[in-house]
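Spelled out from the first residue to the last, the chains are:
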Amino acid sequence: MADKNSSPESNKENPDQDSAALSLSSFRNSLDDIVQKFQGSNSYDQQHKFWETQPVGQFKDAGDSSLSEGPIEQPTPLSEVKQEPYNLPDLYEWTICDIGSDEVCNEVYLLLMNNYVEDDDNLFRFNYSKEFLRWGLRPPGYFQSWHIGVRVKASKKLVAFITGIPVKMRVCDEVVQMAEVNFLCVHKKLRSKRLAPVLIKEVTRRIHLENIWQAAYTAGVLLPTPVATCQYWHRTLNPKKLIDIGFSRLGDRMTMSRAIKLYRLPASKATPGLRKMELRDVPSVTGLLQNYLSRFVVAPTFEEAEVEHWLLPQENVVDSYVVESPETHEITDFFSFYTLPSSILNNPNYSNLKAAYSFYNVSTKTPLIQLMQDALIVAKQKEFDVFNALDVMDNDPLLKDLKFGRGDGQLYYYLYNYRLREAMKPSELGLVLL
């Protein structure tokens, strides 16, 4: 299992991978092209040896129709699962991170803030808030033992981190209990210690102890073997700031005043009955979301408790709006986005990029493009600088019309111990990981 993220602000690689990262911009074609380029690269022999030992789809098996879909390895009796943690180098020790503790949550926040995903040009680094971490890591039924840290024995300083959370995932027609693995982070000074594979094996061991044998994860680098390759798109909300910080640039014959005019949004929302989601809306939103996600090849199955946790608005964490019919008071549509700022590095004028990320959106009565434009208006009113979206679900056809620009950052989706014969198109994927 691996960490999830690639920073979408530009062409980025995941600094938490111990292996050398492959350039993302080279891999924009079919899975076959990806495999050929990977196998033809000079780094093929030494790359990803760890993943070649794991029950994941292998590049050599791409296109082999004789391999069955489903689990790659069958579950092991729980009594045979390794009971003791994997060995760490002598100077380090395992710790369970209680995100509910202010002190521990602050340690995790600082580790990620200073060492997590950043772009190749060292301009931006993800800056997950403490409130966001508590939201993202404590859904219904979470296991605190899956929030794993590594400390220096002598100083007790937290220097590495990895997490898992439980999720019910529907793959094709089968509902599979899985883990979502995320936040793999190793302190920059310890990247040569080969801690990442040990962290991955340890979180896998603890997940197995709960009789869970599959996982989903994402990464901004190419590993064996993605089940989908998705593209980040960006919608400018604050053009002057984005240009000033190097996030975007003025094109030929484009002036700042023209850019400001180009990205201007209406002052008010267009959809009658649009309002912030409330607790009373959870059953209706759950029904809409369950029906919508059933269309996709891979998607989570959310019950009311999960919808309440993931979608009920929290300031500076997640925003969700529903459309209530003025006539029938039925909830017909909703949109949501989460807040994930990035630190702006080495800039004398700005320190924070406020970014919104499209989460789950369902349209039954309101045109989706209108619903998404209202989401942009809400984000602009909340002083976000940019609105980011992946080309998953039904997003892709709308992005150009809503003046999103194609980014350089790609995100590869993976399944652990579960094989799909063919890679999915982004439009077949109903999953957004934080």
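Above: the structure in question.
For clarity, every value in this text was computed on a predicted model and none was experimentally measured.

A. Here's a closer look at the nonpolar core. Counting 80 residues, the largest nonpolar core has Phe359, Tyr360 and Tyr413 as its most contacted members. Residue contributions to this core peak at seven residues, all from helix 2 (residues 102-115). In this structure Tyr413 touches Tyr217, Thr218, Pro226, Val227, Ala228, Cys230, Leu390, Leu429, Leu431, Val432 and Leu433, once residues within four positions along its chain are discounted. Counting 35 residues, the second-largest nonpolar core is a separate cluster that includes Phe50, Trp94, Ile162 and Tyr416.

B. Molecular detail of the state of the cysteines. Counting across every chain of the model gives zero disulfides. Cys97 takes part in no disulfide bond, and the closest cysteine sulfur to it belongs to Cys105, at a distance of 9.8 Å. With relative accessibility at 0%, the residue Cys97 sits in the buried group.

C. Up close: the pairing of strand 11 (residues 331-339). Within strand 11, nine of the nine residues are buried, which leaves it mostly tucked inside the rest of the structure. Of the strand pairs in this sheet, strand 10 (residues 318-324) and strand 11 are connected by seven bridges, and their pairing is antiparallel. The residue bridging Val318 from the neighbouring strand is Tyr338, located in strand 11. Where strand 10 folds back on strand 11, the antiparallel hairpin that results is connected by six residues, among which His329 adopts a positive phi of roughly 65 degrees. Inspection of the sheet shows strand 11 paired to strand 14 (residues 355-358) by three bridges, in the antiparallel sense. Each bridged residue has a counterpart across the sheet, and for Thr339 the counterpart in strand 14 is Ala356.

D. How the structure looks around the side chain of Ser129. Within the secondary structure, Ser129 sits in the loop between strand 2 (124-126) and helix 3 (130-137). For Ser129, the side chain forms a polar contact with the main-chain nitrogen of Phe132, separated by 3.0 Å. Each residue touching Ser129, except ones within four places of it in the same chain, is listed here: Tyr109 and Asn316.

E. Region of the structure containing helix 2. Look at helix 2: 20 Å from first C-alpha to last across 14 residues, which is about the 20 Å you get at 1.5 Å a residue. Val104, Cys105, Val108, Tyr109, Leu111, Leu112, Met113 and Asn115 are the residues of helix 2 that are buried. Buried residues along helix 2 sit in contact with strand 2, helix 3, strand 3 (147-152), strand 4 (158-171), strand 5 (174-186) and strand 12 (342-344).

F. Looking closely at the pattern of salt bridges. This model, assessed by the stated rule, comprises 15 salt bridges. For Glu93, the salt bridge is made with Lys156, and the minimal N-O distance between the two is 2.7 Å. Of this pair, Glu93 sits in strand 1 (residues 92-96) while Lys156 sits in the loop between strand 3 and strand 4; the two residues are 63 residues apart in sequence, bridging distant segments of the chain. The exposure class assigned to Glu93 is partly exposed, which follows from its relative accessible area of 23%.

G. Here's a closer look at the sheet that holds strand 13 (residues 352-353). Strand order in the open sheet formed by three strands is 2-12-13, and the pairing between neighbours is antiparallel. Taken across any chain shown, the strands that pair with only one partner, and hence form the sheet edges, are strand 2 and strand 13. Here strand 2 pairs with strand 12 via three bridges, running antiparallel. Its bridge partner being in strand 12, Phe126 is matched across the sheet by Ser342. Sheet contacts for helix 2: strand 2 and strand 12; angle to strand 2, the most-contacted strand, approximately 150 degrees.

H. Looking closely at the side chain of Gln214. Mapped onto the fold, Gln214 is located in strand 6 (residues 214-219). Reaching out from Gln214, the side chain makes a polar contact with the backbone oxygen of Asn417 at a distance of 3.0 Å. Setting aside anything within four residues of it in sequence, one finds Gln214 in contact with Pro71, Val176, Gln177, Met178, Ala179, Tyr416, Asn417 and Tyr418.

Reading the values: rules and limits
- Residues numbered from 1 in each chain as written.
- Predicted model: local features only at pLDDT ≥ 70, side-chain atom pairs only at ≥ 80, totals over all residues.
- Heavy atoms only, no water.
- Core = buried A, V, L, I, M, F, W, Y, C linked by side-chain atoms within 4.5 Å.
- Buried < 20%, exposed > 50% of the residue type's maximum accessible area, 1.4 Å probe, protein only.
- Helix = DSSP H or I, 4+ residues; strand = E, 2+ residues; numbered from the N terminus.
- Contact = heavy atoms within 4.5 Å.
- Disulfide = S-S within 2.5 Å.
- Pairing = 2+ DSSP bridges.
- Polar contact = N/O pair within 3.5 Å; in protein donor to acceptor, adjacent residues only side chain to side chain.
- Expected span 1.5 Å × (residues − 1).
- Salt bridge = Lys/Arg side-chain N within 4 Å of Asp/Glu carboxyl O.
- Axes fitted to C-alpha atoms, helices over the stretch in contact; angles between N-to-C directions.

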